[in-house]
Amino acid sequence: MKDTLAEINELRAAGRIGQWAIGGAMGATLYLEPISTFDLDVFVLFEGSPLILTLTPIYEFLKARGHAADGDAVMIHGWPVQFLPAESGLLREAVEQAREVDFEGVPARVMLAEHLMAIALQTGRGKDFARLVTFMEARVADEVKLRELLERHGLGAAWKRFEQNYLNPS
Amino acid sequence: MSPLMQRTMESKNERRKRLMALPYPEKVRIVEKMRAAAAEMKSAAWHPAVLREEPPAYGARKP
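Residues numbered from 1 in each chain as written. Chains lettered and ligands numbered in written order. Predicted model: local features only at pLDDT ≥ 70, side-chain atom pairs only at ≥ 80, totals over all residues. Heavy atoms only, no water.

So, on to the pattern of salt bridges. All names here are of chain A. Inspection of the entire model under this criterion finds eleven salt bridges over all chains. In this structure, R65 engages E7 in a salt bridge whose closest nitrogen and oxygen atoms are separated by 2.4 Å. Of this pair, R65 sits in the loop between α3 (56-64) and β3 (69-70) while E7 sits in helix α1 (residues 2-13); the two residues are 58 residues apart in sequence, bridging distant segments of the chain. Here R65 falls in the partly exposed class, since its relative accessible area comes to 38%. (Salt bridge = Lys/Arg side-chain N within 4 Å of Asp/Glu carboxyl O. Helix = DSSP H or I, 4+ residues; strand = E, 2+ residues; numbered from the N terminus. Buried < 20%, exposed > 50% of the residue type's maximum accessible area, 1.4 Å probe, protein only.)

With that settled, consider the interface of chain B and chain A. Each partner contributes residues to the interface: chain B has 14 residues there, and chain A has 25 residues. Summed over the three residues of chain B that lose the most area to chain A, namely B:M20, B:Y24 and B:R35, the buried surface amounts to 41% of that side. At the boundary of chain B with chain A, the tally comes to three salt bridges. Of the charged contacts, one joins A:E104 and B:R29 as a salt bridge, the two residues approaching to 3.0 Å between their closest N and O atoms. The interface formed by chain B and chain A holds nine residue pairs in polar contact (both at pLDDT 80 or more) in total. It is helix α2 (residues 24-46) of chain B that contributes the most residues to the side of chain B that touches chain A, eleven residues altogether. Classifying every residue of the side of chain B that touches chain A gives nine nonpolar, no polar and five charged. (Contact = heavy atoms within 4.5 Å. Buried area = accessible area lost by both parts, 1.4 Å probe. Polar contact = N/O pair within 3.5 Å; in protein donor to acceptor, adjacent residues only side chain to side chain. Nonpolar A, V, L, I, M, F, W, Y, C, P; charged D, E, K, R; others polar.)

Taken together, the side chains of B:M1, B:M5 and B:M9 present a nonpolar region at the surface, about 340 Å² in accessible area. Structurally, the position occupied by B:M1 is in the segment before α1 (3-20). (Patch = residues over 30% accessible without salt bridge, like charges linked within 9 Å, V, L, I, M, F, W, Y side chains within 5 Å. Areas by Shrake-Rupley, 256 points an atom, 1.4 Å probe, with all protein chains shown as cover.)

A separate point is the side chain of A:E114. Residue and element names in this part refer to chain A. You can see E114 is positioned in helix α5 (residues 113-123). Lacking a salt bridge, the buried E114 has K145 as its closest oppositely charged neighbour, with an N-O distance of 4.2 Å. Filtering out sequence-adjacent residues up to four positions away, E114 remains in contact with A141, D142, K145, L146 and L149. (Lys, Arg positive; Asp, Glu negative; His and termini not counted.)

The next point concerns unusual backbone geometry. Residue and element names in this part refer to chain A. One non-glycine residue, H77, lies in the positive phi region at around 45°. Note on placement: H77 falls in the loop between β4 (73-76) and β5 (79-85). Classification of H77 as partly exposed rests on a relative accessible area of 44%. Positive phi is not limited to glycine here, since E104 has a value of about 50°. Mapped onto the elements of the fold, E104 is located in the loop between β6 (99-103) and β7 (106-110).

Turning next to α5(A). Residues and elements named next belong to chain A. Extensive coverage of α5 is indicated by the burial of nine of its eleven residues. Of the surrounding secondary structure, the elements contacted by the buried residues of α5 are α2 (24-28), α4 (89-96), α6 (126-138), α7 (143-152) and α8 (156-167). After α5 finishes, the residue G124 shows a positive phi value of roughly 70°.

Such coordinate-based values are descriptive only and should not be taken to indicate function.
So this is what it looks like as structure tokens:
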């Protein structure tokens, strides 16, 4: 993983991507117990936002460095990395405000717990709700900050439904 | 809840807390082990180590 993160930093240094942050299960693993997953979700900002977003420059750069595409991911030092453009307001904010992490000497960025929770709520698959319950049980999020964030991104009603269905079912 | 079940639940909670408190690189190494185990199980499902035989023809007359 250390080498994988170093390679993503190279992408950034080469200007192929803007700011980036780890999300998904590997992001949640920073705050919770380890979560089984097959890939590493890396959300990226594109500076100067071209009208048509394309991941081709990322794939070309990595291919030249010996990392082959593997379906919709790129295999980098044993990890299938999925690059996802942070297009929505919520994703953009999550990348911009991500937490700096030192991974055995390699700098990395991981989304904040509150953003990971809001994204899970918005994504809304069964496993996302299960992860949200784990986040709530672990009490790792700032609830005031979470509620403010949910309201700001239009997720207040979805959160109420989640609370009724999973936190206070009766 | 029985005392045994209560103890089991408490020990599970303690284990979860211990895992949560681990440094990130250590948690990532655990995820990597889980990935390897899952991949092994997946490959085993495609190549089952089960001897497939024709069902015996009970009652059939020997030639």
